[in-house]
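What follows is the residue order along each chain.
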Amino acid sequence: MQISRLFKIVYLLQETKHLTAKNLAEHFEVSTRTILRDVDTLSEAGIPIYTTKGKGGGIFLLDHFVLNKTTISKKEQDQILFALQSLSLTEQLEEKELLSKLQAFFQNTKTGWIEVDFSRWGSEKSEKEGFGLIKEAILQHKVLSFLYTSSYGETLRRTVNPLRLVFKNHAWYLQAYCRLKEDYRTFKINRAFHMNMEDECFEAEDFEVPPIDIQSCDHFETLPFTLEFSRESAHRAYDNFNASQITRKEDGSVTVKADMVYEPGIYDYFLSLGRGVKIISPSFAKEKLLQCIEEIKANYIL
């Protein structure tokens, strides 16, 4: 992460006074060219950092410089700490160490008000590690490969240039350039498995992340649905839909009117809502759900 690395470079130079680009490149496991770009970024931000060539040369901070917390507003301090804490919760040790240093520097220890856990309830450790792997691949511009099961039930190995993680519509997605499809694709994380970060790198600057569009996963249309939730199941409506889509009745039941992506898995979703939920419209969806129920009953006929 560049912001994390920039802070660390400043702290290292304050502690040691002098380092070479090679020293820093080895420390952060990046190229010397990346370190020199970081030096330019720091210089443009007003940090008195400079380089000299020849014997005894390297990267220096002016002697009078002290990182001054007063140049960073309280709001900016909180934003920095919040971002680093989110990273630290994905088990990244270096971010945890930096977070501790900045907490002490800003005299702010109250960052425990949020916990970010990317995995589902009852998930395995491997799922949490998967998010860390995706994050590292995005930050290091490394190619990812994994098996992916589409909404059509087709499982193929995908090799992608990972670009962005997005949480939307109650699920995590990876936006990436898919080499198999030769186009941008949005992958649902819980459908990806046997994930590997390859040695190959890609130039992130060559790719522009398109706006997130869940329909782009498999190019399904959106249809208007009306659902009715019983009083006992009303909480499920608030779990899954916006308040603006929900109308509460006097008996405690609720009606939901929402546009939903019409894809094969939608009937499994309706079934997961339980018996306290009923499809009012469209009518063909009611008939299809009844058909699914009959197919499920057939699996249990002795």
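Residues numbered from 1 in each chain as written. Predicted model: local features only at pLDDT ≥ 70, side-chain atom pairs only at ≥ 80, totals over all residues. Heavy atoms only, no water.

Points about the overall build of the protein chain
In step 1: Secondary structure summary: the protein chain contains nine helices and 12 strands in total.
In step 2: Looking at the protein chain as a whole, 40% of its 302 residues qualify as buried.
In step 3: Total accessible area on the protein chain stands at roughly 18,800 Å², and carbon and sulfur atoms take up 51% of it. (Helix = DSSP H or I, 4+ residues; strand = E, 2+ residues; numbered from the N terminus. Buried < 20%, exposed > 50% of the residue type's maximum accessible area, 1.4 Å probe, protein only. Areas by Shrake-Rupley, 256 points an atom, 1.4 Å probe, with all protein chains shown as cover.)

Examining the sheet that holds strand E11 (residues 254–261)
In step 1: Spatial ordering of the open sheet is given by E10-E11-E9-E12, a layout of four strands whose pairing is antiparallel. Of all the strands in the sheet, just strand E10 (246–248) and strand E12 (277–281) have a single pairing partner and so form its edges. With strand direction ignored, the average angle separating the axes of adjacent strands in the sheet is 25 degrees.
In step 2: Across the sheet, helix H9 (residues 283–298) is in contact with strand E9 (222–229) and E12; its angle to E12 comes to roughly 140 degrees. (Pairing = 2+ DSSP bridges. Axes fitted to C-alpha atoms, helices over the stretch in contact; angles between N-to-C directions. Contact = heavy atoms within 4.5 Å.)

Things to note about the sheet that holds strand E4 (residues 142–149)
In step 1: The strand order E7-E6-E5-E4-E8 describes an open sheet built from five strands, whose pairing is antiparallel. Because the sheet does not close on itself, it has two edges, and the strands there are strand E7 (183–188) and strand E8 (192–201). Mean inter-strand twist for the sheet, computed between neighbouring axes without regard to direction, equals 45 degrees.
In step 2: Sheet analysis places E4 next to strand E5 (residues 155–168), joined by six bridges and oriented antiparallel. From the neighbouring strand, Phe146 faces E5, where its bridge partner is Arg158.

So, unusual backbone geometry
In step 1: A cis geometry characterises the amide bond from Ser281 onward to Pro282, with omega recorded as 5 degrees.
In step 2: One non-glycine residue with positive phi stands out, namely Glu29, at about 60 degrees.
In step 3: Of note, Glu29 is situated in the loop between helix H2 (21–28) and helix H3 (32–44).
In step 4: The class for Glu29 is exposed, based on a relative accessible area of 73%.
In step 5: Within the chain, Glu182 stands out as a residue other than glycine whose phi angle is a positive 55 degrees.

A closer look at the pairing of E11
In step 1: With eight bridges connecting them, E9 and E11 associate as antiparallel partners. Within E11, the position partnered with Leu223 by the bridge is Met260.
In step 2: One ladder, built from three bridges, connects E10 with E11; its direction is antiparallel. Bridging from a neighbouring strand, Thr247 pairs with Thr255 of E11.

Let's talk about the confidence of the model for the protein chain
In step 1: Per-residue confidence for the protein chain gives a mean pLDDT of 77; residues scoring 70 or more make up 72%.
In step 2: Contacts from residues 87–93, a stretch scored under 50 in pLDDT, to residues over four places away or in other chains number 16 contacts. (pLDDT = per-residue confidence, 0-100.)

Let's talk about the environment of Leu139
In step 1: Tracing the backbone shows Leu139 in helix H6 (residues 125–140).
In step 2: Overall, the relative accessible area of 35% leaves Leu139 in the partly exposed class.
In step 3: Spatially, the C-alpha atoms of Leu139 and Ala204 are 9.5 Å apart, while their sequence positions differ by 65 residues.

A look at the pattern of salt bridges
In step 1: This structure, assessed with the given rule, holds six salt bridges.
In step 2: A salt bridge links Glu136 to Lys135; the shortest N-O distance between them is 3.4 Å. Across the pair, exposure class does not vary: Glu136 and Lys135 are buried alike.
In step 3: Here Arg231 and Glu232 are joined by a salt bridge, their closest N and O atoms 3.0 Å apart. Summarising the burial analysis for this pair, Arg231 and Glu232 share the class exposed. (Salt bridge = Lys/Arg side-chain N within 4 Å of Asp/Glu carboxyl O.)

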